[in-house]
Amino acid sequence: MFSQLRQSGLPSWAYKAALLVAAAIWGMGTVVIKSTVDEFPPSWLVGVRFTGAGIILGLVSIRKLHNCLAADGAGHLRDGAVLGVLLFLSYWANSSGLTDTTASNSSFLTTLYVVIIPFLSWFIIRKKPTRFNIVAALACIGGVACVAYTGAGAFSLRFGDLVTLLSALFLSLHVLYTAKFAPGRSMTVLTVIQFVAAGILGFIVGAVTEPTPNFTSLSPDTWVSLAYLTVFASCIALGLQNAAVARVNPAQASLFLSTECVFGVVFSIALLGEVLTPSLFAGFALIFVGIVISEYLPLRAEKKRTQRAAEKPPTPEEASALITDLEEAETFMR
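A few points on the structure. Residue positions are given per chain, counted from 1 along the sequence in the order it is written. With the structure being a predicted model, the display of local features is reserved for residues of pLDDT at least 70 and the display and counting of side-chain atom pairs for 80 or more, all residues being used for whole-chain, interface and lining totals. Side-chain measures here rest on the full set of heavy atoms in the structure, leaving out hydrogens and waters.

What to know about the overall build of the chain
Here comes step 1: Every helix listed is a DSSP run of H or I at least four residues long, and every strand listed is a run of E at least two residues long, numbered separately from the N terminus. Assigned secondary structure in the chain consists of 15 helices and two strands.
Here comes step 2: Burial classification: accessible surface area is computed with a 1.4 Å probe over protein chains only, and a residue below 20% of its type maximum counts as buried, one above 50% as exposed, and the rest as partly exposed. A total of 334 residues make up the chain; the buried ones form 48% of that total.
Here comes step 3: The contact definition used throughout considers only heavy atoms, calling two residues in contact when any of these lie within 4.5 Å. Of all intrachain contacts in the chain linking residues separated by at least 6 positions in sequence, the fraction that spans at least 24 positions is 87%.
Here comes step 4: Using the Shrake-Rupley algorithm and a 1.4 Å probe, accessible areas are obtained, with residue cover drawn only from the displayed protein chains. Taken as a whole, the chain presents about 16200 Å² of accessible surface, with 68% of it coming from carbon and sulfur.

Below, the structure written as structure tokens:
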């Protein structure tokens, strides 16, 4: 299905719809995790989810896996293992945080990785944040403050909220190191390796720190949740994203994927009965505005500047500014 989506001449709306479906699957995934972590411990949940996803994706791409490992097995295994550690930490923190926060809070707080990435890039690749980054960060800080507002002038973040923010940090590192390792590597093979690595870590940490789930007594709902997270939230959503991003403008693709947090809130209210207070609504709105500023506006500025540069030859000063802005936009796209 995914190869047909890549190769067929479908209209652009079909690829955008695929991105929305992927975002909706991930948004629903937050609700599924929230309803599962009470019966199935977080580390074990990560272990089952990603080990299963790695096996499924590995079987589907067995020929590519064999060829790439034969050509550069050490490189793929090393980079995939590093990504697997970061993937485990981000999803372990996300699942653990859901034991002490709402699914809607988790959806928006996790998505803060979009705004965190440019600031981490400052330390990792010495690239200063742009004005878009700073404005987006301020909007998100205001959003988190609204989420933490408990009324009567008091502010408080739950322990689960703080752990979820840690998840956003690890996810940011995962995105940055994926961009670093991607050149010269097969992303399919890297994905398989990091899935399996994250899954193994989940089982190890779960065996040491958490009670072992009684698989024979799990309810049918829990089995359905595990299947959903393994097949849909890990394999299918990732496949839809990879198939569509090659056909959709990066700025538009980022916006469609960022609706994951919106879907998460909608599903949380509809299925879990969560209540969206005015303070939470304002916080979520500010965070979403920050995401849009961080993802869309830099690429839009790049496009306009490129068009102007094509219309008339730039002066030396304009050429220097253009190169700087293009480098900043490339950092965002990564």
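Now that the structure has been shown, we can carry on.
Some thoughts on the packing of aromatic side chains
Here comes step 1: Only centres within 6.5 Å qualify two rings of Phe, Tyr or Trp (six-membered ring in Trp) as a pair; their planes then separate them into stacked at under 30 degrees, edge-to-face at over 60, and tilted for everything else. Taken as a whole and judged by the stated rule, the model has 10 aromatic pairs.
Here comes step 2: Ring centres of Phe263 and Phe267 lie 6.2 Å apart, and the angle between their planes is 20 degrees; this geometry places the pair in the stacked category. Of this pair, Phe263 and Phe267 are both found in helix 12 (residues 260-272), four residues apart, which corresponds to roughly one turn of the helix.
Here comes step 3: Owing to a relative accessible area of 25%, Phe263 belongs among the partly exposed residues under this scheme.
Here comes step 4: Of the aromatic side chains, those joined through ring pairs into one cluster are Phe40, Trp44, Phe203, Phe215 and Trp223.

Focus on the pattern of salt bridges
Any two side chains of opposite charge can pair if their charged atoms end up close together.
Here comes step 1: The term salt bridge refers to a pairing of a side-chain nitrogen on Lys or Arg with a carboxyl oxygen on Asp or Glu at a separation within 4 Å. A full pass over the atoms with the stated rule returns three salt bridges.
Here comes step 2: Among the ionic pairs, Arg185 bridges to Asp72, the shortest N-O distance being 2.8 Å. With Arg185 in the loop between helix 8 (159-181) and helix 9 (187-209) and Asp72 in helix 4 (residues 62-97), this pair connects stretches of sequence that are 113 residues apart.
Here comes step 3: Of the charged contacts in the structure, one is a salt bridge between Arg185 and Asp79, with a shortest N-O distance of 2.9 Å. Placement of Arg185 in the loop between helix 8 and helix 9 and of Asp79 in helix 4 is noted, with a sequence separation of 106 residues between them.
Here comes step 4: A single salt-bridge network, built from bridges that share partners, covers Asp72, Arg78, Asp79 and Arg185.

Considerations on helix 4
Here comes step 1: What a helix should span is 1.5 Å times the count of its residues minus one. In this model helix 4 runs just 35 Å from its N-terminal to its C-terminal C-alpha over 36 residues, more than 12% under the 52 Å that 1.5 Å per residue would give.
Here comes step 2: Bend is computed residue by residue as the angle between axes fitted to the seven residues ending at the residue and the seven residues starting at it. Taking the largest bend as the criterion, helix 4 deviates by roughly 105 degrees, centred on Asp72.

Details of the side chain of Thr101
Here comes step 1: If you trace the backbone, Thr101 turns up in the loop between helix 4 and helix 5 (103-110).
Here comes step 2: Pairs of N or O atoms are called polar contacts if they sit within 3.5 Å, as long as, within protein, a hydrogen donor faces a hydrogen acceptor (for residues adjacent in sequence, only side-chain-to-side-chain pairs). A distance of 2.4 Å separates polar atoms of two side chains, one belonging to Thr101 and the other to Asp161.
Here comes step 3: With near-sequence residues (within four places) excluded, Thr101 lies in contact with Lys34, Ser106, Arg158, Gly160, Asp161 and Thr164.

Functional significance is not addressed by these values, which are geometric in nature.
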